[in-house]
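Chain by chain, the residues:
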Amino acid sequence: MIRPARALLLSALALLLLAAAPAHATGYRYWSFWDRTGDHWTYATEGPGTARPVDGTVQGFRFAVSADSADAPRPRGAASFGAICARTPAASGTKRIALVIDFGTRSDAPSGETPPTLRWACARVPPGATTAEALATVAEPLRYDTNALLCAIAGYPRTGCGEQVSATEKKTAAQDTGPSVGVYAGAAAVAALAAAAIWQARRRRHA
């Protein structure tokens, strides 16, 4: 039978191990594609290679690490067709597509790369052009993999395409400065429960 004091110590050690255990994969590093309606971004229901937006559409791309569309970060900043395409007049036989290209943050960037600043662009293309064709007119070079997955916009990132990223690989703008909060919390729990175990043992001894 495990004594109460020993049980407390075992519980504390379990907490510490859980806090220090490596996290599971956080998701994939990729370019997500978005449609804008009014003031809101919604995850696009089809890829840029098949989407054929109409004149006056606002669409966005965001480079980030996410597990799926539910937690994918949206393009940042206010975006309106009027602001983005103000200097691109309408022309007969063409359409204008406002594009927001958000290269993401340093925490999402591949090792050794720094994301460019957010970019707005107005693409004037033929009426039947896809979003991918519109993007190619304003943000080359684009890079695709063999499955037509968009890997890079304006040459960013230089390498990689939809790779899985673990929590330990995901960098932050401020470099790692020591143990995580979870480790400190676990250590504090160990200290507190160990003290309780010692107190209980002494109490029984003097009872």
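My aim in this report is to walk through the structure given alongside it, one point at a time. The model shown is predicted, which means the values in this text are computed figures rather than measured ones.

What counts and what doesn't
- Residues numbered from 1 in each chain as written.
- Predicted model: local features only at pLDDT ≥ 70, side-chain atom pairs only at ≥ 80, totals over all residues.
- Heavy atoms only, no water.
- Buried < 20%, exposed > 50% of the residue type's maximum accessible area, 1.4 Å probe, protein only.
- Helix = DSSP H or I, 4+ residues; strand = E, 2+ residues; numbered from the N terminus.
- Pairing = 2+ DSSP bridges.
- Salt bridge = Lys/Arg side-chain N within 4 Å of Asp/Glu carboxyl O.
- Phe/Tyr/Trp six-rings, centres within 6.5 Å; stacked < 30°, edge-to-face > 60°.

A look at the pairing of strand E3 (residues 57-66)
So, point 1. Within E3, 10 of the 10 residues are buried, leaving the element largely enclosed by the surrounding structure.
So, point 2. Burial along E3 is two-sided: the face carrying Thr57, Gln59, Phe61, Phe63 and Val65 and the face carrying Val58, Gly60, Arg62, Ala64 and Ser66 are both buried.
So, point 3. Sheet topology places E3 next to strand E4 (residues 95-102); 6 bridges connect them, and they run parallel. Paired with Val58 across the strands is Ala98, a residue of E4.

Observations regarding the pattern of salt bridges
So, point 1. The full count for this structure, using the stated rule, is 5 salt bridges.
So, point 2. Residues Glu163 and Arg29 are paired through a salt bridge, measuring 3.1 Å at the closest nitrogen-oxygen approach. Residue Glu163 is found in the loop between strand E7 (150-152) and strand E8 (164-166), and its partner Arg29 is found in strand E1 (residues 25-37); the two are separated by 134 residues along the sequence.
So, point 3. A salt bridge links Asp55 to Arg96, with the nearest nitrogen and oxygen atoms 4.0 Å apart. In this pair, Asp55 sits in the loop between strand E2 (40-43) and E3 while Arg96 sits in strand E4, placing the two residues 41 residues apart along the sequence.
So, point 4. Here the residues in one salt-bridge network are Arg62, Arg76 and Asp102, joined through shared partners.

Some details on unusual backbone geometry
So, point 1. With an omega dihedral of 0°, the bond running from Glu140 to Pro141 counts as a cis peptide bond.
So, point 2. For the bond running from Tyr156 to Pro157, omega is -5°, close enough to zero to count as cis.
So, point 3. Inspection of the secondary structure puts Pro157 in the loop between E7 and E8.
So, point 4. For Ala148, which is not glycine, the phi torsion reads 70° and is therefore positive.
So, point 5. Structurally, Ala148 is set in the loop between strand E6 (143-144) and E7.
So, point 6. Exposure remark for Ala148: the relative accessible area of 59% places this residue in the exposed category.

Section: the packing of aromatic side chains
So, point 1. Tallied over the entire structure, the rule returns 6 aromatic pairs.
So, point 2. Between Trp31 and Phe63 the ring centres are 5.4 Å apart and the planes differ by 55°, which places this aromatic pair in the tilted class. One end of the pair, Trp31, is in strand E1; the other, Phe63, is in strand E3, and 32 residues separate them in sequence.
So, point 3. Of the residues examined, Phe63 reaches a relative accessible area of 2% and is grouped as buried.
So, point 4. Relative to Tyr156, the ring of Phe103 lies with its centre 5.9 Å away and its plane at 75°, an arrangement referred to as edge-to-face. Taken as a pair, Phe103 in the loop between E4 and strand E5 (119-125) and Tyr156 in the loop between E7 and E8 lie far apart in primary sequence, 53 residues in all. For the residue pair Phe103 and Tyr156, the accessibility class agrees, reading buried in each case.
So, point 5. Put simply, the rings of Trp31, Phe63, Phe103 and Tyr156 pair up and form one aromatic cluster.

Quick look at the side chain of Glu113
So, point 1. Locating Glu113 in the fold gives a position in the loop between E4 and E5.
So, point 2. Its relative accessible area of 9% is what places Glu113 among the buried residues.

It is worth stressing that arrangement in space is one thing and function is another; only the former is reported here.
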